[in-house]
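# Remarks on the overall topology
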Amino acid sequence: MENKETAGKIINNLKTKYRGLNQVYDLTREIEKALENGDEGSLDIVLDMRQKQLELCMDMDRQNEDLVGRLTEAEKIRVNTLLRTQGKDPKPDGEDEEEIYAMTKRIKNLLIKTVDYDKKVNSRLNK
């Protein structure tokens, strides 16, 4: 990417999103513990904390959409391809694109892990 400042901001937002999703995963584990212990007070607090982390992740996505919107048309296409990997592996061009793609893959893997764990907790809740 030619615009190093924008690339740096996108990468930082992706890192923040990853940390937020990691917190969501950890808090989901805490939800499970609170459910097992019947601790409704803790459950409410943890659910609120989890929601705030989800909102942070959504905010990072919105900020990145805004940043991508300021790029040239060719860069928009390339960065959106890196951010929205759907089974195909794009070919990153340069360090910034490689880091964007690597963070996107890490986020995707963590999101899958979190969703799977969340389903497990929900199935226990619904029994």
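Notes on the structure in this doc start here. (Residues numbered from 1 in each chain as written. Predicted model: local features only at pLDDT ≥ 70, side-chain atom pairs only at ≥ 80, totals over all residues. Heavy atoms only, no water.)

### Structural notes on the overall build of the protein chain
Helices and strands together make up the secondary structure of the protein chain, namely 4 helices and 0 strands. Burial analysis of the protein chain (127 residues in total) assigns 35% to the buried set. Carbon and sulfur atoms form 48% of the exposed surface of the protein chain, whose accessible area is close to 8,200 Å². Across the protein chain, the 24 positively charged side chains and the 26 negatively charged ones have centroids separated by 4 Å. (Helix = DSSP H or I, 4+ residues; strand = E, 2+ residues; numbered from the N terminus. Buried < 20%, exposed > 50% of the residue type's maximum accessible area, 1.4 Å probe, protein only. Areas by Shrake-Rupley, 256 points an atom, 1.4 Å probe, with all protein chains shown as cover. Lys, Arg positive; Asp, Glu negative; His and termini not counted. Charge placed at Lys NZ, Arg CZ, Asp CG, Glu CD.)

### Considerations on the packing of aromatic side chains
A ring pair, where both rings are aromatic, is described by two values, the distance of the centres and the angle of the planes. Evaluation of the coordinates by the stated rule reveals 1 aromatic pair. With a centroid separation of 5.3 Å and 50 degrees between ring planes, the pair formed by tyrosine 25 and tyrosine 117 is classed as tilted. With tyrosine 25 in helix α1 (residues 4–37) and tyrosine 117 in helix α4 (residues 95–125), this pair connects stretches of sequence that are 92 residues apart. Residue class for tyrosine 25 comes out buried when judged on its relative accessible area of 12%. One Lys or Arg, arginine 106, reaches over the ring of tyrosine 18 and ends 4.2 Å from the middle of that ring. Residue placement shows lysine 113 over the ring face of tyrosine 25; its charged tip is 4.5 Å from the ring centre. (Phe/Tyr/Trp six-rings, centres within 6.5 Å; stacked < 30°, edge-to-face > 60°. Lys NZ or Arg CZ within 6 Å of the ring centre and 35° of its normal.)

### Considering helix α3 (residues 73–83)
Taken as a whole, α3 has its buried residues at Glu75, Val79 and Leu82. Angular distribution of buried residues about the axis of α3 spans 55 degrees; they occupy a single face of the element. Opposite the packed face of α3, turned more than 90 degrees from it, sit the exposed residues Glu73, Ala74 and Ile77. Along its buried surface, α3 packs onto α1, α2 (40–69) and α4. (Arc of directions from axis to C-beta. Contact = heavy atoms within 4.5 Å.)

### Here we look at the pattern of salt bridges
Under the criterion given, the structure shown has 10 salt bridges. Between aspartate 96 and lysine 4 there is a salt bridge; the shortest N-O distance is 3.1 Å. Residue aspartate 96 is found in helix α4, and its partner lysine 4 is found in helix α1; the two are separated by 92 residues along the sequence. Between glutamate 97 and arginine 78 there is a salt bridge; the shortest N-O distance is 2.6 Å. In this pair, glutamate 97 sits in helix α4 while arginine 78 sits in helix α3, placing the two residues 19 residues apart along the sequence. Residue class for glutamate 97 comes out buried when judged on its relative accessible area of 3%. On the basis of relative accessible area, arginine 78 is assigned to the partly exposed category, the value being 33%. (Salt bridge = Lys/Arg side-chain N within 4 Å of Asp/Glu carboxyl O.)

### A look at the side chain of glutamate 75
For glutamate 75, the location among the structural elements is in helix α3. Nearest to the buried, unbridged glutamate 75 among oppositely charged side chains is arginine 78, at 8.4 Å. Not counting residues up to four positions away in its chain, the partners in contact with glutamate 75 are Met1, Glu2 and Asn3.

### Quick notes on the nonpolar core
Met1, Ile10, Leu14, Val79 and Ile100 are the most contacted members of the largest nonpolar core, which has 26 residues in total. At the level of elements, α1, α2, α3 and α4 are the ones that each hand at least two residues to this core. Take this core: its biggest share by element is 10 residues, from α1. When near neighbours in sequence (up to four residues on either side) are disregarded, leucine 14 contacts Asn64, Leu83, Ile100, Met103, Thr104 and Ile107. (Core = buried A, V, L, I, M, F, W, Y, C linked by side-chain atoms within 4.5 Å.)

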